[in-house]
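Coordinates in review
Spelled out from the first residue to the last, the chains are:
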Amino acid sequence: MLKLLGQAFVIVLVFFAVSTYQERNMLPDSGAQMAPPFHLHMLQSKQTYSSIQLKGQQSVVYFFAPWCGVCRVSMPNIDKLHQQGKVKAVAIALDYRSTEEVTKFVSDLQLEMPVLLGDQATATDYKVQAYPTYYVLDENFMITERSVGYSSEIGIRARL
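An account of the accompanying structure is given in this report. (Residues numbered from 1 in each chain as written. Predicted model: local features only at pLDDT ≥ 70, side-chain atom pairs only at ≥ 80, totals over all residues. Heavy atoms only, no water.)

A few points about the pairing of strand β4 (residues 88-93)
- With five of six residues buried, β4 is to be regarded as a mostly interior element.
- Handedness of the crossover is the feature at issue here: the chain leaves strand β3 (residues 59-64), passes through helix α2 (residues 69-83), returns alongside β4, and the resulting connection is right-handed.
- The sheet contact formed by β4 and strand β5 (residues 115-117) spans three bridges and is parallel. Across the sheet, the residue bridging to Ile-92 is Leu-116, located in β5.
- Crossover β4 to β5 through helix α3 (residues 99-109) is right-handed. (Buried < 20%, exposed > 50% of the residue type's maximum accessible area, 1.4 Å probe, protein only. Helix = DSSP H or I, 4+ residues; strand = E, 2+ residues; numbered from the N terminus. Right-handed = clockwise from strand over helix to strand, strands pointing away. Pairing = 2+ DSSP bridges.)

Some thoughts on the sheet that holds β4
- The strand order across the open sheet built from seven strands is β2-β1-β5-β4-β3-β6-β7, with neighbouring strands paired in mixed fashion. Here the strands that pair on one side only, and so sit at the sheet edges, are β2 (48-50) and β7 (143-148). Ignoring strand direction, the axes of neighbouring strands in this sheet form an average angle of 30 degrees.
- Across five bridges, the pairing between strand β6 (residues 133-137) and β7 is antiparallel. Within the sheet, the bridge partner assigned to Thr-133 lies in β7 and is Val-148.
- The strands that α2 touches are β3 and β4; relative to β3, the one it contacts most, it runs at about 160 degrees. (Axes fitted to C-alpha atoms, helices over the stretch in contact; angles between N-to-C directions. Contact = heavy atoms within 4.5 Å.)

Here you go:
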């Protein structure tokens, strides 16, 4: 039994070490830094979406790539919370070849949250180096949480 607990401890320690390493270059999540503003085209329409639309409520800005397998299994979790009104979420596509590729990805997952078409400047502003990456923002657009990789619905709720 003691050996099993020791192995579990090592696994948890490795998980947190890897998470810390992945998040090392991200924007700080102390609540002291405002998220960079953006003004991007929406995938679902010819309209644009501005970061100002997120002010006044807790939000999640979720960065993904349509070829990302982890994004495919993680995005429905954040979309479900968005649909339930638990958080305002917006997904920003990066590293895609065409809007058709992004459209198929979003359609396959039946996502309802707004999907925006990001660019290299957006990726640089938010220091996105892996997918998925997301930031939790408070009502004043300050970064309060951040994460890289898969997040379960419970994991996302815990960060809200």
